[in-house]
Amino acid sequence: MAQLILNHVSKDFGTGQAAVRDVSLKVREGGFLALLGASGCGKTTLLRMIAGFEEPTEGSIILGERTLADGSGSLPPEKRNMAMVFQSYALWPHMTVAQNVGYPLKVRGVTGAAFDVRVREALSVVRLEDFASRRPAELSGGQRQRVALARCLVSSPDVVLLDEPLANLDRHLKAAMLETFREFHARSGATMIYVTHDQSEAMALATDVAVMSEGRLLQVAAPEEIYARPEGHVVGGLIGQGAVLELVLPDHDSRLMGWPMIEKAFRQMGGPRRAILVRPEHVVADPDGVMLQVRSCVYEGERFVLSLLTSGGQALQAYSPFAVVPGSLQPFVIRQGWLV
Amino acid sequence: MPRLPHRGSSQPVWLLPLVIAFVCLLSVLPLARLLYAGLRFSFEGEATGLFAEPATWAAIRNTMVTASGGMLISVLLGAVFAFVVTLTDFRGKGVFSFAFILPMMIPPQVTALAWVQMSGPASPLLKTLGIAPPLGSPQPLYSVGGIILLLGVQHAPLVFLALKAGLACLPRDGVEAARLAGASPLRVFRDIILPLTTPGLVAGAALAFVSGVGNFGIPAILGIPASIFVLPTLIYSRLSSFGAGTFAEMAQLSMMIAVIAGLGLAIQQWALRGADYRIIGLSGRNAVFSLGRWRMVFEAAFLVILFFVLAAPLAALVASSLVPAYGVPLNFRTMSLEAYREILFRQSVTLTAFANSLFLAGATAFGLLIFSVLTAYLLARRSGKLANVFAALIEIPYALPGIVLAVAFILLFAAPLPLVNVSIYGTIWIILAAYFSSFFAVSLKPVMSAFLQLDPSLEEAARLSGASFGCRMRDILVPLIAPAAGASVILVFLIACSELTVSALLWSAGTQTLGVAIFNLDDSGSSDLAAALSVLVVVMVVLLMLILEMLAKRLPRGVLPWRN
């Protein structure tokens with residue numbers, strides 16, 4: 001096992017706009033990296049370059065001592081010792097569960113007792129020992145997912161890639177599979193790269209989150225870090241709930257702005273405006289606050305979500321334990337904001 | 001550090017050159033040879049005599065008349081059948097469709113033979129029933145009208161299938177919306193359904209026309225006895241009376257056929273220009289009109305039609321195969337299996353024909369499968385200009401009338417092969433080569449649709465598992481496309497086994513095929529033997545079609561020509 005390094009990797013399919021632009025990234029050994037971004041941001045292309053299905057137009061990919069791809073060429077996927085869970089699971093319908101799981105061993109020439117033991121071991125990790133002789137068509141979506149996972153486990157790959165593996169599952173099953181992934185990562189110790197457009201999945205699983213947009217890598221950080229201190233509008237908008245306000249803020253050595261400064265900015269009219277990210281949990285009803293117009297109030301089960309409008313017409317959100325009459329003006333305090 | 005190979009794509013480096021070599025050998029080379037010969041002879045003025053002969057112009061006129069007339073009958077029959085079967089609550093749709101398609105799969109010379117046995121003064125069937133016209137009255141089918149009628153019947157399934165494909169995706173909600181808007185069923189048909197199905201109708205008509213231009217079996221059996229020649233039979237008769245200018249004439253005549261066929265396709269393109277009728281919306285269940293009390297009338301009418309175009313000719317064929325000589329009525333005293341005994345055990349000519357056809361069809365079906373799997377794999381993974389060019393090049397030899405392709409192969413192989421200095425002209429190998437070229441498209445289509453429907457991640461998962469190209473083919477891809485590969489083999493076998501047009505020009509003593517044997521037996525007056533052999537061919541065709549029908553559930557859509 002080794003560190004995976006992406007060095008100024010770009011991919012251009014010749015469509016006029018590069019799918020991946022100058023991405024540099026280090027995935028630490030045994031780490032769990034989530035590649036997060038809206039669909040079409042290049043995250044799947046990046047994953048496919050790591051797997052070897054696509055060749056980078058520029059830059060290099062290095063795994064430990066081995067160069068997987070550089071300007072001169074690319075090592076074919078069959079020689080990379082990686083494994084992948086596909087969005088469609090990609091189970092071979094003509095093989096049994098055991099044959100599916102054991103195929104990487106078969107092509108590596110493992111046979112006989114060693115083969116059986118390792119297949120059984122892999123199936124026991126995903127708790128599917130009793131399904132060894134079934135065909136994929138007889139399994140449920142969650143079970144198919146676990147077979148695909150067992151197939152990744154069996155050959156002890158250096159890197160496990162997961163391409164939106166939960167996209168086709170219902171909510172209930174998603175929670176159970178998240179737990180399975182976490183367990184799988186802890187047990188195998190493999191470096192894992194997980195592509196998703198769902199920030200809650202990324203937050204729940206990853207040791208590091210990489211946010212991509214329009215082919216560029218915007219920020220890589222631990223989940224808490226990226227939530228508290230996002231770089232730029234796009235990251236701020238993608239991670240968690242939040243609104244970006246344009247306010248006349250003074251220069252400040254910290255990017256974290258407290259209420260006194262925000263309050264001052266609300267009273268300031270002229271001057272250069274700067275953008276801050278305001279999370280709804282930091283917007284609370286308080287008689288000392290500024291007056292904001294409540295546009296709507298939606299009950300979400302555990303709380304009400306208020307859509308608010310500043311006097312300047314900028315939108316933001318707040319959570320409230322009780323209902324508020326839409327249309328009314330109420331005072332709110334913005335506890336903190338993050339300069340993006 | 002060692003340089004890394006460029007291997008982002010899944011194809012091994014040798015695959016593309018190999019497929020280019022296949023396509024060049026099977027398509028580009030024969031076509032280029034024919035084009036070169038036709039143009040050279042034209043410019044050198046060697047065959048100017050050809051176009052001064054009235055026979056040539058008569059053949060061109062006959063070709064145009066029979067192909068257009070046949071197309072009209074095909075469109076009429078095929079369209080009515082397609083509309084009624086797909087749009088109404090007509091019963092027994094599956095059986096009717098299968099029976100209606102059958103004439104397309106039966107070799108044309110067998111169809112012609114069956115119709116001849118059904119009509120005319122010496123018909124054993126009519127004699128048995130006691131309704132035969134008096135001896136000496138002419139056989140009505142030996143005429144331009146007879147050729148037109150049979151071409152129409154033979155190619156009606158082409159129109160039926162082209163229309164059915166379009167009708168199958170006609171959305172029910174579109175029809176229902178029109179009904180709700182206040183249109184009567186007849187209005188809906190005129191304003192919604194007919195415009196939406198024009199592309200299918202035009203495509204089917206063009207296909208019927210082109211097939212009529214290239215048909216050899218029907219005008220050969222019906223036209224030659226009455227000295228009515230069309231271009232394909234004219235080429236055949238020129239080859240039989242081999243003369244000094246033969247090659248030049250044949251090249252020019254086949255160019256003529258290609259031009260007329262191309263004209264038909266050009267008219268189709270012109271008729272469809274700007275017509276973009278892609279169906280928007282859900283295409284769930286078919287639109288269904290209730291025929292009400294007309295249902296019985298339609299069903300009865302179709303039964304009568306099928307009786308005349310299918311049951312009666314086949315019955316006549318069987319009757320002819322059971323009587324000792326043409327013109328003898330069939331009864332318990334005259335009935336014998338002598339003809340079958342003769343062709344299966346005694347006649348060395350038919351035995352050789354069986355052996356040749358089975359060998360040719362088997363070798364073509366299995367040999368082409370290897371080409372098809374590799375080519376389909378390459379084309380399915382590589383979209384773009386190159387793939388389109390390949391697909392077109394593979395399609396041309398199949399779309400070209402068989403007689404034209406046969407002439408191309410004669411021109412190509414008349415001289416000994418370079419380097420080895422061996423001539424395959426007159427051997428069975430030239431027929432095999434022509435079959436490979438002609439049926440590549442048939443073999444490729446099912447395999448190609450199977451590859452296109454395969455989720456690419458199935459192969460990618462195998463690559464990440466560490467499997468090389470060979471391993472992936474053996475363990476993953478070939479098992480997954482196996483049903484389509486089976487269909488490909490059976491389809492090619494089915495068509496190649498009873499093929500006549502290509503082998504009629506390419507055979508020589510000892511290399512006759514079943515198609516040629518039937519034609520020659522009939523030509524030499526042994527109509528009972530020809531009928532018996534035809535019955536066996538029909539039985540084989542129906543059996544193979546039924547096997548495919550049983551496979552149908554496991555096949556990708558659109559693989560079987562008679563199913564949508």
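Residues numbered from 1 in each chain as written. Chains lettered and ligands numbered in written order. Predicted model: local features only at pLDDT ≥ 70, side-chain atom pairs only at ≥ 80, totals over all residues. Heavy atoms only, no water.

Observations concerning helix H17 (residues 428–453) of chain B
Residue and element names in this part refer to chain B.
Part 1 of the argument: Taking 1.5 Å of rise per residue, the 26 residues of H17 would be expected to cover 38 Å, and the 37 Å separating its terminal C-alpha atoms lies within 8% of that figure.
Part 2 of the argument: The principal kink in H17, of about 50°, is found at Phe439.
Part 3 of the argument: Burial analysis of H17 places 21 of its 26 residues in the buried class, the great majority of the element.
Part 4 of the argument: The N-terminus of H17 is capped by Thr427, whose side-chain oxygen sits 3.2 Å from the backbone nitrogen of Trp429. (Helix = DSSP H or I, 4+ residues; strand = E, 2+ residues; numbered from the N terminus. Expected span 1.5 Å × (residues − 1). Bend = angle between axes of the 7 residues up to and from the residue. Buried < 20%, exposed > 50% of the residue type's maximum accessible area, 1.4 Å probe, protein only. Polar contact = N/O pair within 3.5 Å; in protein donor to acceptor, adjacent residues only side chain to side chain.)

Describing the pairing of strand S14 (residues 274–278) of chain A
It is a general feature of regular strands that their side chains alternate between the two faces of the sheet.
All names here are of chain A.
Part 1 of the argument: For S14, a buried count of 4 out of 5 residues is recorded, marking the element as mostly surrounded by other parts of the structure.
Part 2 of the argument: Of the strand pairs in this sheet, strand S12 (residues 243–247) and S14 are connected by 5 bridges, and their pairing is antiparallel. When the sheet's bridge partners are listed, Glu246 is paired in S14 with Ala275.
Part 3 of the argument: Sheet analysis places S14 next to strand S19 (residues 336–339), joined by 2 bridges and oriented antiparallel. When the bridges of S19 are listed, Ile276 appears paired with Leu339. (Pairing = 2+ DSSP bridges.)

Quick look at the nonpolar core
Part 1 of the argument: Among the nonpolar cores identified, the biggest contains 216 residues, and Ile193(A) and Phe451(B) are the most heavily contacted of them.
Part 2 of the argument: If one sorts the elements of this core by residue count, helix H19 (residues 469–497) of chain B sits on top with 17 residues.
Part 3 of the argument: Apart from residues no more than four positions distant in its own chain, Ile193(A) is found in contact with Leu4(A), Val27(A), Leu33(A), Leu35(A), Leu47(A), Ile50(A), Val159(A), Val160(A), Leu161(A) and Leu162(A).
Part 4 of the argument: The next biggest cluster of nonpolar side chains, apart from the first, holds 46 residues, and it includes Val126(A), Leu153(A), Val154(A) and Ala221(A). (Core = buried A, V, L, I, M, F, W, Y, C linked by side-chain atoms within 4.5 Å. Contact = heavy atoms within 4.5 Å.)

Concerning the sheet that holds strand S17 (residues 315–320) of chain A
Residues and elements named next belong to chain A.
Part 1 of the argument: With respect to topology, 4 strands assemble into an open sheet ordered S17-S16-S15-S18, the strand pairing being antiparallel. Each end of this open sheet is capped by a strand with a single partner; those strands are S17 and strand S18 (329–334). Direction aside, the axes of adjacent strands within the sheet are offset by 55° on average.
Part 2 of the argument: Direction of pairing for strand S16 (residues 304–309) relative to S17: antiparallel, over a ladder of 6 bridges. Following the sheet pairing, Leu306 is matched in S17 by Ala318. (Axes fitted to C-alpha atoms, helices over the stretch in contact; angles between N-to-C directions.)

Thoughts on the pattern of salt bridges
Any two side chains of opposite charge can pair if their charged atoms end up close together.
All names here are of chain B.
Part 1 of the argument: Scanning the entire structure with this criterion turns up 26 salt bridges over all chains.
Part 2 of the argument: One salt bridge in this structure joins Asp475 and Arg474, with 3.1 Å as the shortest N-O distance.
Part 3 of the argument: By relative accessible area, Arg474 is classed as exposed at 54%. (Salt bridge = Lys/Arg side-chain N within 4 Å of Asp/Glu carboxyl O.)

Digging into the domain arrangement of chain A
Part 1 of the argument: The domain boundaries assigned to chain A delineate domain 1 (4–229) and domain 2 (243–339).
Part 2 of the argument: With centres defined by C-alpha atoms, the gap from domain 1 of chain A to domain 2 of chain A works out at 40 Å. (Domains from an automatic or database assignment.)

Considerations on a nonpolar patch on the surface
Part 1 of the argument: A cluster of nonpolar residues, Val13(B), Trp14(B) and Leu18(B), forms a patch on the protein surface that exposes about 310 Å² of accessible area.
Part 2 of the argument: Examined against the element boundaries, Trp14(B) turns out to sit in the segment before helix H1 (15–44). (Patch = residues over 30% accessible without salt bridge, like charges linked within 9 Å, V, L, I, M, F, W, Y side chains within 5 Å. Areas by Shrake-Rupley, 256 points an atom, 1.4 Å probe, with all protein chains shown as cover.)

Topic: the sheet that holds strand S8 (residues 159–163) of chain A
For sheets, the rule is that strands pair by backbone hydrogen bonds, running either parallel or antiparallel.
Residue and element names in this part refer to chain A.
Part 1 of the argument: Taking strand neighbours across the sheet as the criterion, the 6 strands line up as S7-S8-S9-S3-S10-S11 in an open arrangement whose pairing is mixed. The open sheet terminates on both sides in strands that have one partner only, identified here as strand S7 (82–85) and strand S11 (216–221). For this sheet, the mean angle separating the axes of adjacent strands, direction not counted, is 20°.
Part 2 of the argument: Strands in contact with helix H4 (residues 141–154) are S7 and S8; relative to S7, the strand with the most contacts, it is inclined by about 175°.
Part 3 of the argument: Here helix H5 (residues 171–188) sits on the sheet and contacts strand S3 (32–36), S8 and strand S9 (191–196); the angle it forms with S9, its principal contact strand, is near 155°.

Considerations on the interface of chain A and chain B
Part 1 of the argument: Taken together, the contacts link 34 residues of chain A with 25 residues of chain B.
Part 2 of the argument: Summed over both sides, the interface between chain A and chain B buries roughly 2500 Å², with carbon and sulfur atoms accounting for 57% of that surface.
Part 3 of the argument: For chain A, the biggest contributors to the area lost against chain B are Ser72(A), Glu78(A) and Trp92(A); these three give 24% of the whole.
Part 4 of the argument: Viewed at the interface, chain B and chain A are joined by 4 salt bridges.
Part 5 of the argument: Among the ionic pairs, Arg463(B) bridges to Glu78(A), the shortest N-O distance being 2.9 Å.
Part 6 of the argument: Between chain A and chain B we count 9 residue pairs in polar contact (both at pLDDT 80 or more) in total.
Part 7 of the argument: Listed by contribution, the elements that provide at least two residues to the side of chain A that touches chain B are helix H1 (43–51), strand S5 (66–70), strand S6 (73–74), S7 and helix H2 (97–107) of chain A.
Part 8 of the argument: Looking at the side of chain A that touches chain B, its residues break down into 19 nonpolar, 8 polar and 7 charged. (Buried area = accessible area lost by both parts, 1.4 Å probe. Nonpolar A, V, L, I, M, F, W, Y, C, P; charged D, E, K, R; others polar.)

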